[in-house]
Amino acid sequence: MAKFDSRIDALVVETRTSWDPSVGDLPPQDRQWVAHTIHQNPSIARNIEYIRTHSGFIRHITVTVEDIQQLYLAKS
């Protein structure tokens, strides 16, 4: 598990999202909103990984319940 790195994040060309089992069954619309929003604010993510590619990096975030709580706190 890595931490947010603004230098590497500037080179992200693709994003991926996985879901921690603690998240449970979120409706597809909620998953879409959470994935989009957390990739707009990657510094909130607790489990972020950068995968090197030929043209940059893939940002892979595994969303946890804590991440979702942070998103809602930031929204209000």
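Scroll up to find the structure this text is about.
Since we're looking at a predicted model, the values are computed, not measured.

Okay, the packing of aromatic side chains next. Throughout the structure, instances matching the rule amount to one aromatic pair. Both rings, one in Trp33 and one in Tyr72, keep their centres 5.3 Å apart while their planes meet at 35 degrees; by these two values the pair is tilted. Of the two residues, Trp33 is situated in helix 2 (residues 28–40) and Tyr72 in helix 3 (residues 65–75); the sequence distance between them amounts to 39 residues. Lying over the aromatic face of Trp19, Arg31 brings its terminal NZ or CZ to 4.7 Å of the ring centre. Positioned above the aromatic ring of Phe57 is the side chain of Arg52, whose terminal nitrogen or guanidinium carbon lies 5.1 Å from the ring centre.

What counts, and where the lines are drawn
Residues numbered from 1 in each chain as written. Predicted model: local features only at pLDDT ≥ 70, side-chain atom pairs only at ≥ 80, totals over all residues. Heavy atoms only, no water. Phe/Tyr/Trp six-rings, centres within 6.5 Å; stacked < 30°, edge-to-face > 60°. Helix = DSSP H or I, 4+ residues; strand = E, 2+ residues; numbered from the N terminus. Lys NZ or Arg CZ within 6 Å of the ring centre and 35° of its normal.

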